[in-house]
Amino acid sequence: MKLYYSPGACSLSPHIALLEAGLPYDLVKVDLRAKKLENGDDFLKINPKGQVPALALDSGELVTEGPVIVQMIADKARDKNLAPSRDSTERYKLLEWLNFITTELHKNFGPMFSPVLADDAKAFFKDRVMGKFKYVDSQLGGGEYLMGKHFTVADGYLFTMLSWADRMKFDLSGLPNLLAYKARVGARPMVQEALTKEGLMKAA
Ligand SMILES: N[C@@H](CCC(=O)N[C@@H](CS)C(=O)NCC(=O)O)C(=O)O
C-alpha cells in the first residue's frame, strides 16, 4: 500500500493507523499547493480531489477520506483491535467519534490555516473548536482513550487535531483530561514513529 501524505496534515491519522496495525506501506509526499509529488508527477491524476490522505491499495485502487481509510486499515489488522468488529454497537460508537472529529474539529480547523482569512474570522473558528475540545474533555473524563481501554483509529485522528491545536497555540490548560490524553497518545511508540517519519520529531 502507498499512503499519500503531507507532513503534519490530516494524513498523520492514517499514518499512525498503518504503524499501529503493523501493515507494510510506502509513504509518498505530496506538495499540496503545487499538487505535485516529489518526482514531479501530477497528484491530481492520482487523486482528482487533490487532497491527502489517499491510500493506494496493492490492487491499484485508491481509497480517500481519512475516516474511511483508517477503518479499512483497522479491518485489515483485526488482531490489533484498532476498531470494534463491524457488526457491534461499539463500531457505531467509533463511527460517532470519527464523524465528530471530521466534521466538528477537522473542518473547523481548516480556515485557521488560510493565508487569506482575516484574524477575527480565524478567532471565530478557534472559539468553535475550543468548545468542541471542551466537550471531548468532558467525555474522556479520566478514561485512557476515546473508546475506553483500547487505542482505536479515532485516537490517531484526535491526536492529529491536538497536534494542530499546538501549532495554533490553543490554551488547553483548562482541559486536564484532554492534556493527559494528548500526552498518553503522544507517548505511544508508533505515534512517535509516525511523527519522526514525517520529519516532525527528531529520532531518539
Ligand atoms: N474530506 C477529506 C479532507 C481531507 C483534507 O482536508 N485534506 C487537507 C490536508 S489536512 C488537504 O489535502 N488540503 C489541500 C486541499 O484541500 O487542496 C478527508 O477527510 O480525508
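Before reading on, note that the structure itself is shown above.
If you're wondering where the values come from, they're calculated on a predicted model, not measured in any experiment.

Caption draft 1: Expanded view of the pattern of salt bridges. Applying the stated criterion across every chain yields a total of 10 salt bridges. A salt bridge links arginine 188 to glutamate 20, with the shortest nitrogen-to-oxygen separation between them at 2.9 Å. Remark: glutamate 20 occurs in helix 1 (residues 12–21) and arginine 188 occurs in the loop between helix 7 (176–186) and helix 8 (189–197); sequence separation between them is 168 residues. Linking lysine 49 and glutamate 65 is a salt bridge whose minimum nitrogen-to-oxygen distance equals 2.8 Å. Linking lysine 49 in the loop between helix 2 (43–46) and strand 4 (54–56) with glutamate 65 in the loop between strand 5 (62–64) and helix 3 (66–76), this pair joins segments that are 16 residues apart in sequence.

Caption draft 2: How the structure looks around the packing of helix 3 against helix 4 (residues 89–109). Following both chains from N to C, one finds helix 3 and helix 4 inclined at 145°, their axes separated by 10 Å at the closest point. In this structure, helix 3 crosses over helix 4, and the sense of that crossing is right-handed. Across from Pro67, Val70, Gln71 and Asp75 in helix 3, the residues of helix 4 making contact are Arg91, Leu95, Leu98 and Thr102. Residues of the contact of helix 3 with helix 4, tallied by class, amount to 4 nonpolar, 2 polar and 2 charged.

Caption draft 3: Molecular detail of the site of the ligand. Neighbouring the ligand are 15 residues; Cys10, Lys35, Val52, Glu65 and Gly66 lie closest to it. Within the side chain of glutamine 51, an N or O atom sits 3.0 Å from an oxygen atom of the ligand. Contact between the ligand and glutamate 65: a nitrogen atom at 2.5 Å from a side-chain N or O atom of the residue. Coverage of the ligand by the protein amounts to 76% of the 510 Å² it exposes when considered alone. With respect to the pocket detection grid, the ligand is positioned in the largest pocket. Listing elements by their share of the shell around the ligand, those giving two or more residues are helix 3 and helix 4. For the shell around the ligand, the element with the most residues is helix 4, which contributes 3 residues. Looking at the shell around the ligand residue by residue, the class counts come to 7 nonpolar, 5 polar and 3 charged.

Rules and cut-offs
- Residues numbered from 1 in each chain as written.
- Predicted model: local features only at pLDDT ≥ 70, side-chain atom pairs only at ≥ 80, totals over all residues.
- Heavy atoms only, no water.
- Salt bridge = Lys/Arg side-chain N within 4 Å of Asp/Glu carboxyl O.
- Helix = DSSP H or I, 4+ residues; strand = E, 2+ residues; numbered from the N terminus.
- Axes fitted to C-alpha atoms, helices over the stretch in contact; angles between N-to-C directions.
- Left-handed = near helix turned anticlockwise from the far one by under 90°.
- Contact = heavy atoms within 4.5 Å.
- Nonpolar A, V, L, I, M, F, W, Y, C, P; charged D, E, K, R; others polar.
- Near = heavy atom within 4 Å.
- Polar contact = N/O pair within 3.5 Å; in protein donor to acceptor, adjacent residues only side chain to side chain.
- Areas by Shrake-Rupley, 256 points an atom, 1.4 Å probe, with all protein chains shown as cover.
- 1 Å grid on protein atoms, 1.4 Å probe; cavity = no way out; pocket = protein on both sides within 12 Å on 5 of 7 lines; lining within 4 Å.
- Sits in = over half its atoms within 2 Å of the grid points.

Everything listed here is a matter of coordinates, which is why it stays silent on function.
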